[in-house]
Structure formats: C-alpha cells, structure tokens
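The primary structure of each chain is shown beneath.
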Amino acid sequence: MMRNLTYEWRRISSIRSTWILTGVTIVAAAALAELIAVVAAYAVSHPTGPAGPDGGPVEVATKLSLGEFVTTAMTNPLSIAIVFVILSTIVAQAFGQEYRHGTIRLTLTAFPRRVPVFVAKAIVCLAVVVVTFVITVLLTIVIGLLNSGAVGGDAPSVDFFGPAGRMILYLIGYCLIVFAVTVITRVLALGVIIPLLFLIVVEAVLVNLVSRFVHWLPEVMPFTSALAFVNGTDMVRNGLVFLAWIVVLVGIALAVFRARDA
Amino acid sequence: MTVEARGLRKTYGQKAAVNDLSFTLEPGVVTGFLGPNGSGKSTTMRLMLGLDHGEGQTLWDGQELAAHKSVTRVVGAHLDARFFNPNRKARSHLRMLAAEAKVSNARVDEVIAMVGLETVADKRPKSFSLGMAQRLGLAGALLAQPKVLLLDEPANGLDPQSIHWLRDFLRVYAGNGNAVFVSSHLMSEMQLMADRLVVIAKGELIADEDAATFVGRSTRNDVLVRAANRDALHSALAAEGIESFSDGEDGLSVVGAETDRVGEIAFRNQVQLRELTVRTASLEEAFLELTSGGQEYATGQSQPPPQPPTTGGAAS
C-alpha cells in the first residue's frame, strides 16, 4: 500500500494544477475572510444605521467574537461554493486526468490490484484537500486576529472547533462524491459539475417544488442533510443520511472501476 | 522468465476480438507479434496485463502478474506513445512510475540518458514529437529492468537511426536472458529483430513458430534456375511433377523442389545451367500470404497474387 501511496503522491504533486488549485483556494478563502472582516469593521464603526420613521437609530453592530467570525467566514454559501469547487477539482483529477491521458493503463499495469489503487487515490487526494482546508481555517483565524476593528473586544466566545470539524467532514464527504462521480463517468468536468449542480440547483429545486407533495424528500437529500449536519441540526440523522449517499456512490464507483476495462 | 498465455479470449458483443489465443514467451528470445490492423494485437497485450477483462489467463513464471512482489520488475509495458500527462515533466513522469519498484532517481536519470532524452527531461512532453514520446514510453518500460518487455508498435515515429538503436537494444536485452514481446508493422525490422513469431488474424492464431520456419512456409520460396534451353528444362521438370514458371529471359522459377533435385534433373536431361539459386520469401511476403483474408479493415489491394510473383507467365 505504501507504494500505491507514494505513486499517488508523486502523481498529484508533479502537476502544476494541483498547486495552482490549492493556492487559489487559500487566496480566495483569505480574501473572503478579509472581506467579511472589512464589512464587519465598517458596521462596527458606523453603529447608527439609516434613520427609522421616528428618526432614531435602527441598528447597532457589535464586534464579532473570533468564533463567530471564523464560522461565518467558513460556512457562508460563497465560501462553500468556491472552496468546494476548487478543492473537489483536485480530487476529480485523480481519475479524470488518468482516463483523459491514458495513464490509467500505466497505473494499472504497475498496480494490477485495483482496490488499493482506488483507496490510495482517495487517501492522497483527501489528505491534500484537508490540509489545504486546515490552512485556510488557520489563515482565517489570523485574519480575524489582525482585524481588531471587527473581531474581538467584549464579544462572547463561540466555539468554532465543532463547526470547523463538521465542515471538514462535509468537505471530505463532498469530495468523495466528486471522486465517485468522476470514476463512474470517467470525465473530470462531469465529476465536478454533477455534484455542484445538485448542491446549488437540483436539490434546491427538488426541495422547494417536490417536497410539497413528498414531505420526507428534504430529509433524504444529501447536501441538505450535510448542511444541516454542519449547522448542528439533528446531527446524527443528517450525518447518517449524508454518509449513506457517500457509501452508495463510492461503492458503485469501486464496483465499476473493478469491472471496467482500463 | 517464461510467460504463458493460455486461452485468451475477449468479445465485444457477439464479435470475438481475440479468440482462444495461446502462446509462450521464452527468456532470451525476441518474439515478434504480427497481425493485420484490427487483428487483436493490442487487445491481447492488454489481456495479458490484466488491463482488459476477458477469458483465459497469463502466467508469469507460473504466477498471476498481481501475485508478484513487484510487477514492474516482472514486466515493462509500452502500449502507447501518448500515455503521459502532457503537463507533467518527463523526469517527474518517470519518477512517478519508479515508485512501484522503488527505483532510485539515479536509475531514472540513467534510463533518460539511455533513450536520449537528457536535454528535454525537465520539459513537459506536450510538445514532444511522436519519436520522443516513444522514447519516453520505452524509458518507462525499462525503468525497473523487467524480466519481460511488452512493446506495442515501439518503432512508430522513430527515425532510421533510432529504429536501428531499438533493434540492437532489444536483441541485447533479450540476450541478457529477458523475454521481449514486440508488435510492429515494420516487417523489415521484424525480420531483423525477431527470433520467433506469433502471428494472428481476426483474433485467431495463425502461427507460433521460429521466424525462419514461418517464412519457409511461404509458397514464395522458390528456386531460380537459368538455363541454356529453358523450354527443355521446363518440360523435364513437368515430367517429374515439378511446377515451374518463366522468370526473365532464360530463367525458371521452380516451386516445390530443392536446388539439388533441380540440378539433378537438368543434368539427366543434358540442359546446361547458368545459375541455380534458392530464393527465400521476405517476412513481408510470407506475412501477406499467410494472413490473406485475415485482415479486418482491408483496402482491397493488399491481397497477394496466388501465384509466385516472379513469373512472366508460364513457360508453356
């Protein structure tokens, strides 16, 4: 297995796109965090909002706690979309590029046992994704600490380790779904786009339209469940629903990968 | 290492791309793998390596390939010149492949030098010519000094010097006790390179024998005899049941008889001879003849004529 892992690490680390994508993720996440800090600092420095009908103040902003800041920076929809899309592309490359350039035949000639190949690709890609994400979280914390105008002060502390941990699990699950779809379709673009479409379009449409007639539908949707899990709502049930989707899709992908001609 | 392919079979729907193919690769021998386009050569190689799923099995020293501790020390395969990521540097590509056998970076550099890619080793191969890509693929196959080399059309795109180098290299590699299995459309090269031939057509085995035996089976092997009185010799040969055809001004192409027999008949009939020569068919001629009708995608012009090509018409 160590040889499989070494091979995968050399594969993923020897193409520029891996480093470009991780760099873009870190920069984009940091930029979003800074933007949130700037907006928050502006709100704090302008405590009086637009005058209400009686001419009095309607809104007073206070500084965010570091926990609130980090959680907001990580779990806002824009951050999720950007970070997930970029990092999942690294995962999709594991098989997408191999099939595109035919190198899957070199890989499977060197490693005829396919299950270790599949597992090694998943482990190495997810390790890169998780490390990158942890770096973005640490960077977000630093940005929060540097923006004393928006973060800190007397704000009550909020635990962000829980949401951050659940966010990492969500990211790993999402990447495994991307990984599975890429193996099934053998096309990198489809591996990235199909889960993304479900995340931001298909599931929302299904939940808003069909759930009027099928009330239990939102409860079995993968990404709706995953977001509820991250937000701490009925974590066990939502976590298990998301896990079930991952297990089914990865299982299908592994079966297809083993049965298919290279 | 001996490689035994037994009962290899692969179907696509109702069509058998490879049908009950069995042969053996011996150490120290360059085995040429010949067949018309679409005859199943590449599919056979993929079946041997377990890349495609089909029936039959290939045993590498009596074991499945996956049962060996290091697969790339058992077999080095080069199936397509373009199997690389165009954005990964050539050296990095080889270092990646080196991971399976824990091959050192020094060996990677050695192989790069061996195939003549030193100057472009740190370049991305997207701009590589076909010949350079072939060299990179060959380098990948050679990395772990495997006991068996499986090469699918490795000479495609190579210049004459490189083809000459490749031929010499493969012969030396086999000479060191390794098995070499190489497919090629370049018959002249194969004739110089291969000790043994596995020939297939439409997925079925046509021949598995020494190259000399294969060529010897061709009806294009004949004896050229030039005589002072050609017609008299033709009649004498016909009386002995030996077929002959006119060839040139005073020559006959004699099929189915050795030079000794032709000379004896001429002597007995007092025909003065000017030349008596064995003519051996080329591998290309033998291949075309023995695989005629076995071509999957024929142009309609490749079928060899049924009679020997040297005739200027029957002498009588």
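Residues numbered from 1 in each chain as written. Chains lettered and ligands numbered in written order. Predicted model: local features only at pLDDT ≥ 70, side-chain atom pairs only at ≥ 80, totals over all residues. Heavy atoms only, no water.

(A) Summary view of the packing of helix α6 (residues 114-146) of chain A against helix α7 (residues 161-185) of chain A. Residues and elements named next belong to chain A. Between α6 and α7, whose axes approach to 10 Å, the crossing angle comes to 140°. Relative to α7, the element α6 is oriented oblique. Of the two possible hands of crossing, α6 and α7 adopt the one that is right-handed. Two secondary-structure elements touch here, α6 through Phe118, Lys121, Ala122, Leu126, Val129, Val130, Phe133 and Val134 and α7 through Ala164, Met167, Ile168, Leu171, Ile172, Cys175, Leu176, Phe179 and Val183. (Axes fitted to C-alpha atoms, helices over the stretch in contact; angles between N-to-C directions. Helix = DSSP H or I, 4+ residues; strand = E, 2+ residues; numbered from the N terminus. Parallel < 35°, antiparallel > 145°, perpendicular 65-115°, else oblique. Left-handed = near helix turned anticlockwise from the far one by under 90°. Contact = heavy atoms within 4.5 Å.)

(B) Structural detail: the environment of B:Ala236. Residues and elements named next belong to chain B. Position of alanine 236 relative to the elements: it lies in helix α9 (residues 230-239). For alanine 236, a relative accessible area of 9% corresponds to the buried category. Sequence separation between alanine 236 and arginine 268 is 32 residues, and the spatial gap between their C-alpha atoms is 9.2 Å. Apart from residues no more than four positions distant in its own chain, alanine 236 is found in contact with Ile265 and Asn269. (Buried < 20%, exposed > 50% of the residue type's maximum accessible area, 1.4 Å probe, protein only.)

(C) Main features of the interface of chain A and chain B. With 26 residues of chain A in contact, the opposing surface of chain B contributes 33 residues. Summed over both partners, the interface of chain A with chain B comes to about 2600 Å²; 57% of that surface belongs to carbon and sulfur atoms. Taken as a group, A:Arg3, A:Arg105 and A:Thr109 account for 24% of the area that chain A buries against chain B, more than any other trio of residues on that side. Summed over the shared surface of chain A and chain B, the result is one salt bridge. Note that A:Asp261 is salt-bridged to B:Lys10, the shortest N-O span being 2.5 Å. On inspection of chain A and its partner chain B, the count reaches 15 residue pairs in polar contact (both at pLDDT 80 or more). Sort the elements by how many residues they give to the side of chain A that touches chain B and helix α5 (residues 103-110) of chain A lands first, with six residues. The class makeup of the residues in the side of chain A that touches chain B is nine nonpolar, seven polar and 10 charged. (Buried area = accessible area lost by both parts, 1.4 Å probe. Salt bridge = Lys/Arg side-chain N within 4 Å of Asp/Glu carboxyl O. Polar contact = N/O pair within 3.5 Å; in protein donor to acceptor, adjacent residues only side chain to side chain. Nonpolar A, V, L, I, M, F, W, Y, C, P; charged D, E, K, R; others polar.)

(D) Structural view of the domain arrangement of chain B. Assigned domains within chain B: domain 1 (3-215) and domain 2 (222-279). Each of domain 1 of chain B and domain 2 of chain B has a C-alpha centre, and these two points are 45 Å apart. (Domains from an automatic or database assignment.)

(E) Focus on the packing of α6(A) against helix α11 (residues 235-259) of chain A. Residues and elements named next belong to chain A. Where α6 meets α11, the axes come as close as 10 Å, and the angle between the chain directions of the two elements is 135°. In terms of axis orientation, α6 runs oblique to α11. Remark: the crossing between α6 and α11 carries right-handed chirality. Of the residues in α11, those in contact with Arg114, Val115, Val117 and Phe118 of α6 are Val250, Ala253, Leu254, Phe257 and Arg258. When its residues are assigned to classes, the contact of α6 with α11 shows seven nonpolar, no polar and two charged.

(F) Here's a closer look at the pattern of salt bridges. Here the structure, examined in full by the defined rule, presents 22 salt bridges over all chains. Several salt bridges converge on common partners, so that one network encompasses A:Glu8, A:Arg11, A:Glu98 and A:Lys121.

(G) Local environment of the sheet that holds strand β10 (residues 222-227) of chain B. Residues and elements named next belong to chain B. The four strands lie next to each other as β11-β12-β10-β13, forming an open sheet whose pairing is antiparallel. Two strands in the sheet have a free side with no partner beyond their single neighbour: β11 (243-247) and β13 (273-279). With strand direction ignored, the average angle separating the axes of adjacent strands in the sheet is 25°. Bridge analysis of β11 against strand β12 (residues 251-255) gives five bridges, and the strand direction is antiparallel. By the bridge assignment, serine 244 is partnered in β12 with valine 254. Packing of helix α10 (residues 259-268) onto the sheet brings it into contact with β10, β12 and β13, and relative to β13 it is tilted by some 160°. (Pairing = 2+ DSSP bridges.)

(H) Highlighting a nonpolar patch on the surface. A surface patch of nonpolar side chains, amounting to about 550 Å² of accessible area, comprises A:Ile193, A:Leu197, A:Ile200, A:Val201, A:Val205, A:Leu209 and A:Val210. Taking the relative accessible area as the measure of exposure, A:Val201 reaches 38% and is therefore partly exposed. (Patch = residues over 30% accessible without salt bridge, like charges linked within 9 Å, V, L, I, M, F, W, Y side chains within 5 Å. Areas by Shrake-Rupley, 256 points an atom, 1.4 Å probe, with all protein chains shown as cover.)

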